Amino acid sequence: MCGIIGYAGHRPAVPVVMEGLRRLEYRGYDSSGVAWLRQGEMHVVRAVGKLGALEERLARAEGVVTPVCAMGHTRWATHGAPAERNAHPHCSNDRSLSLVHNGIIENYQELKADLAARGHVFHSDTDTEVLVNLIAEHRKTESDLLHAFAAALRQARGAYAVCLMSVDEPGVLYAARMSAPLIFGLGTGEHFVASDIPAFLPYTRQVVFLEDGDMVRVSAKEYSILRLEDMQPAQRGVETIQWDMQAAQKGGYRHFMLKEIFEQPRVVADGLSGRVDAQGGSVLLHELDALPVPRRLHIVACGTSWHSGLWGRHLLEHWARVPVQVEIASEFRYRESLLLDKDDMVLAISQSGETADTLAALRMAREKGATTLGLCNVVGSSIAREAAAVLYTQAGPEISVASTKAMCSQMLMLALMALYWGGRQGVLPAEEVRRNTEILKGIPDVLAGALPAMHARARELSRAYAGARNFFYLGRGHCHPLALEGALKLKELSYIHAEGYAAGEMKHGPIALIDPSFPTFVLALNDALLPKVVSNMVEVQARQGKTLVLAHEGTAVGGDDLWTIPFLPSPLAGFVVLPALQLFSYEMADYLGKDVDQPRNLAKSVTVE
Ligand code: M6R
């Protein structure tokens, strides 16, 4: 997820763009850059790292103050490591065009090969450099730049929000969107395009929310919006934004955590993009094609990522028939695991890719000769670089310290891995792969439809249970790791003591703690284990324990407080259970007045032992 901004107006454009980038930095900050025109030449300044590095470079650049048209980019790497050569803007070979891009062009390899055959030379690993050269190629034959831009975009498959500048048209910007956000801002004698409204909110509150397939041509005084498919004008209403800046930076949500919970439908949709073949009968994980199907898989991780691993084990063993060990990285690294040998694979799961214990466990596995695989969110992170292969979760930057959408994206990739290896080994019929990929494809809509009501119910229930100082979370099978995650979220956000337990284990000791002041959150989904879970719930109730029960709509399970969610078949039902648990903890912490986004004593990336 990157941030882009373009400006055409009467103010010095580069400072306006830099200010906008500052407000978009939450979208990514591994590198950044700006472009402007001066004396008929394209000027581009880029730097690796946070925006401060770009500011330092700009302070030494000439002619920064005079231009009244410029564009900028802050990057969250997808194609290519964070490096200056991969930072945006990217220029066409003849430097007549410059482009910033948020998104992924899925067919960029084939476009690149075709352009290379026509003599184009590439200096980066990005899909963006391919796209800008494709526009330049079309410019040779099309009547004007607008048509060349449209012709190139029609060839591109995938997601993009792009902004384009040309040396032939000073003061003009072109922009377009497809499955990536792009907002058009209308000021007085000035216009903006940006990935998010905060980028230009100090200058105008008048916006047009561009739609997929919209293209705009913008100068200081004029603009036109066209449809990519037929180049006909599009009628789009101008809306007035009411938010304050603080709220806008969180996309209108009170906290980053809430925003990130609500991003999960998009996270699943993005994660699936390009991962399932057209017929749905096979999963495409090209990163794994060269690796053998593991004889045995050891998953190493910490915290929420460890819970993802525990959840993934159910799918990997069931669908792919791969034996799985799931280890807490800080334990694994100091234990002499007699099971680990060189024919095994070690999968390190880490949102940040920098967690010290997980990194150390990965290194130990590598020293022992095992094949290593990383499952990371942050591109170019240590685990991603050191593992023999890496799968990226593509959840976008997770700003809240409590991990939410990262777990959802890890679960998705683990499900895809299980389907991929199951299909590749021939142990899971293509029909079963197809049935499950269809369920996965439906999750974004199910979640998007369910989240508002789940949020309202979480609020009600958090108020009802706010007096509790202890909580049990119970689940069986694939719901056991989710129970652990529910308990972790409640602990880290609201500082209420909570324990996740395998429901069947309660009677072996923990049930002694149950009394009327010690409630239990029961995950009672409609699957084969439901009768067992209900029995365990009744055992708690028989000891005067209060029960809050998460169940599927239309399933009679009993309990003191029932919270129903839409049905999805197990184990994929976890994609709806997870946000319910997150929302309950979020609402509890907020109600109790805790610092939701930055809980005490925690850090987003744990780089010490
Ligand atoms: O970046 P990682 O996924 O390696 O981080 C692992 C844990 O530190 C992390 O999941 C932590 O438990 C979160 N605070 C959970 O919300």
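Residues numbered from 1 in each chain as written. Predicted model: local features only at pLDDT ≥ 70, side-chain atom pairs only at ≥ 80, totals over all residues. Heavy atoms only, no water.

Asks: Account for the overall build of the protein, naming residues and giving values.
Replies: The number of helices and strands found in the protein is 17 helices and 24 strands. The buried share of the protein, taken over its 609 residues, is 59%. A separation threshold of at least 6 residues defines the contact pool for the protein, and within that pool the share at least 24 residues apart is 71%. For the protein, the computed accessible surface area is about 22800 Å², with 50% contributed by carbon and sulfur atoms. Taking the average location of the 59 positive side-chain charges in the protein and that of its 68 negative ones, the two points are 2 Å from each other. (Helix = DSSP H or I, 4+ residues; strand = E, 2+ residues; numbered from the N terminus. Buried < 20%, exposed > 50% of the residue type's maximum accessible area, 1.4 Å probe, protein only. Contact = heavy atoms within 4.5 Å. Areas by Shrake-Rupley, 256 points an atom, 1.4 Å probe, with all protein chains shown as cover. Lys, Arg positive; Asp, Glu negative; His and termini not counted. Charge placed at Lys NZ, Arg CZ, Asp CG, Glu CD.)

Asks: Could you give an account of the domain arrangement of the protein, with specific residues and numbers?
Replies: Per the domain assignment, the segments of the protein are domain 1 (3-246), domain 2 (251-428) and domain 3 (444-600). Of note, the centres of domain 2 and domain 3, computed from C-alpha atoms alone, are 25 Å apart. Each partner contributes to the interface: domain 2 provides 30 residues, whereas domain 3 provides 30 residues. Inspection of the domain 2/domain 3 interface yields 1 salt bridge. Breaking the side of domain 2 that touches domain 3 down by element, the ones donating at least two residues are α7 (256-262), α8 (264-272), α9 (303-319) and α13 (405-425). The residue inventory of the side of domain 2 that touches domain 3, partitioned by class, reads 20 nonpolar, 9 polar and 1 charged. (Domains from an automatic or database assignment. Salt bridge = Lys/Arg side-chain N within 4 Å of Asp/Glu carboxyl O. Nonpolar A, V, L, I, M, F, W, Y, C, P; charged D, E, K, R; others polar.)

Asks: Quick one: what's the story with the packing of helix α15 (residues 479-494) against helix α17 (residues 574-591), residue by residue and with numbers?
Replies: The relative placement of two packed helices comes down to the angle between their axes together with the axis-to-axis distance. Running from N to C, α15 and α17 cross one another at 20 degrees; their axes reach a closest spacing of 9 Å. Taken together, the axes of α15 and α17 are roughly parallel relative to one another. Two packed elements cross with a definite hand, and for α15 against α17 that hand is right-handed. Of the residues in α17, those touching α15 at Leu482, Glu485, Gly486, Lys489, Leu490, Leu493 and Ser494 are Gly574, Val577, Leu578, Leu581, Phe584, Ser585, Tyr586, Met588 and Ala589. Its residues placed into classes, the contact of α15 with α17 shows 10 nonpolar, 4 polar and 2 charged. (Axes fitted to C-alpha atoms, helices over the stretch in contact; angles between N-to-C directions. Parallel < 35°, antiparallel > 145°, perpendicular 65-115°, else oblique. Left-handed = near helix turned anticlockwise from the far one by under 90°.)

Asks: Tell me what's going on with the site of the ligand, and back it up with residues and numbers.
Replies: Around the ligand, 14 residues are found, and the nearest of them are Ser305, Ser350, Ser352, Thr355 and Glu492. A distance of 2.7 Å separates an oxygen atom of the ligand from a polar side-chain atom of Ser352. Glu492 places a polar side-chain atom, nitrogen or oxygen, 2.5 Å from an oxygen atom of the ligand. When the free accessible area of the ligand is taken as 410 Å², the share hidden by the protein chains comes to 90%. Sorting the residues of the shell around the ligand by element identifies α9 and α15 as the ones contributing at least two each. (Near = heavy atom within 4 Å. Polar contact = N/O pair within 3.5 Å; in protein donor to acceptor, adjacent residues only side chain to side chain.)

Asks: Now, about unusual backbone geometry: what can you tell me, with residues and values included?
Replies: A cis geometry characterises the amide bond from His88 onward to Pro89, with omega recorded as 0 degrees. Position of Pro89 relative to the elements: it lies in the loop between β4 (69-75) and β5 (90-91). Note that the residue after Ser570, namely Pro571, is joined by a cis bond; omega there is 5 degrees. Along the chain, Pro571 turns up in the loop between β24 (561-565) and α17. Residues other than glycine seldom take positive phi values, yet Arg321 does so here, at roughly 55 degrees. Checked against the element boundaries, Arg321 lands in the loop between α9 and β16 (324-328). A positive phi angle, close to 65 degrees, is found at Gln544, a residue other than glycine.

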